Amino acid sequence: MVRYDSLTGLPNRTYFADLVQEALAERRKPGMVGFMVLDVDDFKHVNDMKGHVTGDRLLCAIAERVRRLAGDKVLAAHLMGDEFILFFPNDMNRRDLETRMRRVHEQLRGSYSLDGMTLQVSFSAGGVTVASDDFRLEEMQIRADLALFETKSRVKGGFTLFEQEMDARYVDRQKLKDDLRRALADDALSVAYQPMFVPDGSRIECCEALSRWTHPERGPVAPNVFIQIAEEMGIVSDITRFMIMRACADCAAWPAHMSVSVNLSVQDLRGTAIIDLVAEALDAAKLEPHRLHLEVTESCLMEDLVQVQAILQELRARGITIAIDDFGTGYSSLSYLDQLPLDLIKIDRSFVRNIGEDARRFKLLRGTVNLSRELGLRIVIEGVETQEQLALINKYQCADLVQGYVFAAPMSLAALRDRYENLARKPTEPRRRGRRVA
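Quick caveat: nothing in here was measured; it's all calculated off a predicted structure. (Residues numbered from 1 in each chain as written. Predicted model: local features only at pLDDT ≥ 70, side-chain atom pairs only at ≥ 80, totals over all residues. Heavy atoms only, no water.)

Q: How should helix H13 (residues 359-374) be read in this particular structure?
A: Every α-helix winds through 3.6 residues per turn, so residues three or four apart in the chain are directed the same way. In this model H13 runs 23 Å from its N-terminal to its C-terminal C-alpha over 16 residues, within 8% of the 22 Å that 1.5 Å per residue would give. Phe362, Leu365, Arg366, Thr368, Val369, Asn370, Ser372 and Arg373 are the residues of H13 that are buried. Capping the start of H13 is the job of one residue whose side-chain oxygen sits 3.1 Å from the backbone nitrogen of arginine 360: aspartate 358. Positioned one or two residues after H13, glycine 376 has a phi angle of 80°, which is positive. (Helix = DSSP H or I, 4+ residues; strand = E, 2+ residues; numbered from the N terminus. Expected span 1.5 Å × (residues − 1). Buried < 20%, exposed > 50% of the residue type's maximum accessible area, 1.4 Å probe, protein only. Polar contact = N/O pair within 3.5 Å; in protein donor to acceptor, adjacent residues only side chain to side chain.)

Right under this line is the structure:
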C-alpha cells in the first residue's frame, strides 16, 4: 500500500523513484535513458459527462495497457490525477530511444472499452533523453513537463521531445507572467472596440470590447498569448473586471442605441462574483443593463453547465443581454441553444469563409440562422471580410448585425467616436428589417 497506487496498482511516485535508482545502479556502463510524462486529453470532460466512477475505470484500463506495453523493460507509474510517467533504461542510441518512446505513446492511444461503452482516448506527452550518468529524476520531470507544455501549446495528442530552447522559453514565459501581473496592478492594459453594424453598414449597434497590452519592451502582446497566461496564473478574472468596468464607463457616453459586449472566461463563471461585479460596473457608470452584453463560449459551459446556467439566468433576470460567442466551433452547440438563457448568437467566422464558392457551407450558415431565429435569437455574423460575403448575407437576410473587417477592424475609443459621429451625419434610407431565411 505504501509503494503502489491504490487505484491503478502501478507504482506510486516514491516507489517509482526507488526503482529508477535501482535500474541506474545496475547498469554496467553509461548509455542513453529516456523519461516520459503522459497526460490524458480531456479527462475532466470524461469525469463531468460520464461520472467519476467511469473516470476511475478508464484510468485503470489505461494503467493496464501501460503495464502491458512496459513489460519488464520499461518502468511505469501513476501520478495523481490523469498523469502517468515512464522510464526507459534501455541501452540504445538517442534516435532509437526516441522512436521507442513515440511507439509507446502511439500504442496507448485508441479505443478503451468500459462496461459496454467505448471511449476514444488520446494522450499529450513530453519526453526527454539523457546520458544515464546525468539522469536526475526531479530535473528530468521538469524538462518532460516543459516538453508536455509545448505539446499542448502546439497540438493536443502529440509527443514532444525536450530541447534546450524550451528552458529559455519557459524562463521568458515566467518573466512575461511577472510583467502581466505588474501591468494589471499598474492599470497598464487598454481596450479596443470592434463595432457590430446593421447589415447595410449605416449604423453601429454594439461594440465588442477587446483587451490590449503593450509591453514596455516587447511592444504589443497578442491577446491570445496574454489571456492564456492570465488563465494559467488564475488572474484572468482581474482582466475581466478591468474590461467590464471600462467598457460600461465608455458605453455610457455613447449614443443611447449603442451597446457594449464583453467576453467572459471559464474562470469568471466558477462562482457568483461576476454577478456582483456587473452590478457594481453598471451602477458606477449609470448604464442601463440591456446595453451590456456578456459573451460566453462553449468552453465556458463544459466545466459545470448547471452552475453556468444558473449564473447566466441571474444576469439575464437583471436585464443583461447574454450572447454565445464562436457558435459552431464546439461539440454540443445545438443543445446549448435550448438549455441556456440566450438573447443573441454570434456565428463563428468559419461559417462565413468561402460561402461564395462553397454552396454547402452557405447552406449550413443559412440553416443555422433559420434554427436560431426559430428560437427567437438575434444573430451576429462574425468574420465578414469581403463585399462578396456581405452581399450574400444581405441577399438572404442572414444577419441582424455584422462584425468584421468589411466594415471595421478593432479601433481605439477616439476612432470609434469619430466613426459613429460620421455615420450619424449621413442621410439614411429606410431599411428592411431581417426576416427568416428561406
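The discussion continues.
Q: Teacher, can you tell me more about the side chain of glutamate 382 here?
A: Structurally, glutamate 382 can be placed in strand E15 (residues 378-382). In this structure glutamate 382 comes out as buried when scored by relative accessible area, which is 7%. Leave out the neighbours within four places in its chain, and glutamate 382 touches Glu208, Asp325, Asp326, Lys346, Ile347, Asp348, Arg349, Val352 and Gln403. (Contact = heavy atoms within 4.5 Å.)

Q: Just checking my understanding: could you explain the side chain of histidine 215 for this structure?
A: Along the chain, histidine 215 turns up in strand E9 (residues 204-215). Accessibility expressed as a relative area gives 4% for histidine 215, which makes it buried. Within the structure, histidine 215 has its side chain in polar contact with the side chain of aspartate 179 (distance 2.8 Å). When residues no more than four places from it in sequence are discounted, the contact partners of histidine 215 are Leu176, Asp179, Pro220 and Val221.

Q: Is there a simple way to explain the nonpolar core in this structure?
A: By size, the foremost hydrophobic cluster in this structure holds 81 residues, and its most contacted members are Ile244 and Leu294. Beyond its immediate stretch of four places on either side in the chain, isoleucine 244 contacts Val262, Leu264, Ile274, Leu277, Val278, Ala281 and Leu294. Counting 30 residues, the second-largest nonpolar core is a separate cluster that includes Met36, Leu59, Val74 and Val104. (Core = buried A, V, L, I, M, F, W, Y, C linked by side-chain atoms within 4.5 Å.)

Q: So what exactly am I meant to see when it comes to the pattern of salt bridges here?
A: Side chains that carry opposite charge are capable of pairing whenever their charged atoms lie near each other. Taken as a whole, this structure holds 26 salt bridges when the rule is applied. Notably, a salt bridge pairs aspartate 39 with lysine 152, separated by 3.4 Å at the nearest N-O pair. On the criterion of sequence distance, the pair formed by aspartate 39 in strand E1 (residues 32-40) and lysine 152 in helix H5 (residues 137-154) is long-range, its members being 113 residues apart. Overall, lysine 152 belongs to the partly exposed group, its relative accessible area being 44%. (Salt bridge = Lys/Arg side-chain N within 4 Å of Asp/Glu carboxyl O.)

Q: Hey, could you run me through the pairing of E1 in this one?
A: Looking along a regular strand, one sees side chains alternate from face to face of the sheet. Taking burial as the measure, the nine residues of E1 include eight buried ones, the bulk of the element. Pairing analysis gives nine bridges linking E1 to strand E6 (residues 123-131), with the strands arranged antiparallel. Bridge pairing in E6 links methionine 36 to glycine 127. (Pairing = 2+ DSSP bridges.)

Q: Got a minute to help me understand the packing of helix H8 (residues 236-251) against helix H9 (residues 273-285) in this structure?
A: Geometry of a packed helix pair, given as the angle between the helix axes and the separation of the axes. For the pair H8 and H9, interaxial distance at closest approach is 8 Å and the crossing angle is 30°. In this view, H8 runs roughly parallel relative to H9, as classed from their interaxial angle. Both H8 and H9 take part in a crossing whose hand is right-handed. Between H8 and H9, the contacting residues are Thr240, Arg241, Ile244, Met245, Cys248 and Ala249 on the first element and Ile274, Leu277, Val278, Glu280, Ala281, Leu282, Ala284 and Ala285 on the second. (Axes fitted to C-alpha atoms, helices over the stretch in contact; angles between N-to-C directions. Parallel < 35°, antiparallel > 145°, perpendicular 65-115°, else oblique. Left-handed = near helix turned anticlockwise from the far one by under 90°.)

Q: So what exactly am I meant to see when it comes to helix H14 (residues 387-395) here?
A: Restricting attention to buried positions, one finds in H14 the residues Gln389, Leu390 and Ile393. Angularly, the buried residues of H14 cover 95° about the axis, an arc narrow enough to put them on a single face. Away from its buried face, by an angle of more than 90 degrees, H14 presents the exposed residues Gln387, Glu388 and Lys395. Tucked inside the fold, the buried residues of H14 contact E15 and strand E16 (401-403). Directly after H14, the chain includes glutamine 397, whose backbone phi takes a positive value near 50°. (Arc of directions from axis to C-beta.)

Q: What am I meant to see in the packing of aromatic side chains here?
A: For any pair of aromatic rings, the description rests on two quantities: the centre-to-centre distance and the angle between the ring planes. Within this structure, the stated rule accounts for eight aromatic pairs. Ring centres of tyrosine 4 and tyrosine 15 lie 5.4 Å apart, and the angle between their planes is 65°; this geometry places the pair in the edge-to-face category. Taken together, the residues span a long stretch of sequence, with tyrosine 4 in the segment before helix H1 (13-25) and tyrosine 15 in helix H1 at a distance of 11 residues. Taking relative accessible area as the criterion, tyrosine 15 reaches 13% and is therefore assigned buried. Here the aromatic residues Phe16, Phe35, Phe87 and Phe135 are joined through ring pairs into a cluster of three or more. The ring of tyrosine 112 carries arginine 65 above its face, with NZ or CZ at 3.8 Å from the centroid. (Phe/Tyr/Trp six-rings, centres within 6.5 Å; stacked < 30°, edge-to-face > 60°. Lys NZ or Arg CZ within 6 Å of the ring centre and 35° of its normal.)

Q: Help me understand the environment of isoleucine 345, please; the structure alone is not making it clear to me.
A: Inspection of the secondary structure puts isoleucine 345 in strand E14 (residues 344-347). With relative accessibility at 0%, the residue isoleucine 345 sits in the buried group. With 21 residues separating them in the primary sequence, isoleucine 345 and isoleucine 324 have C-alpha atoms 5.1 Å apart. Apart from the residues lying within four places of it in its own chain, the contact partners of isoleucine 345 are Ile324, Phe327, Leu337, Ser372, Leu377, Arg378, Ile379 and Val380.

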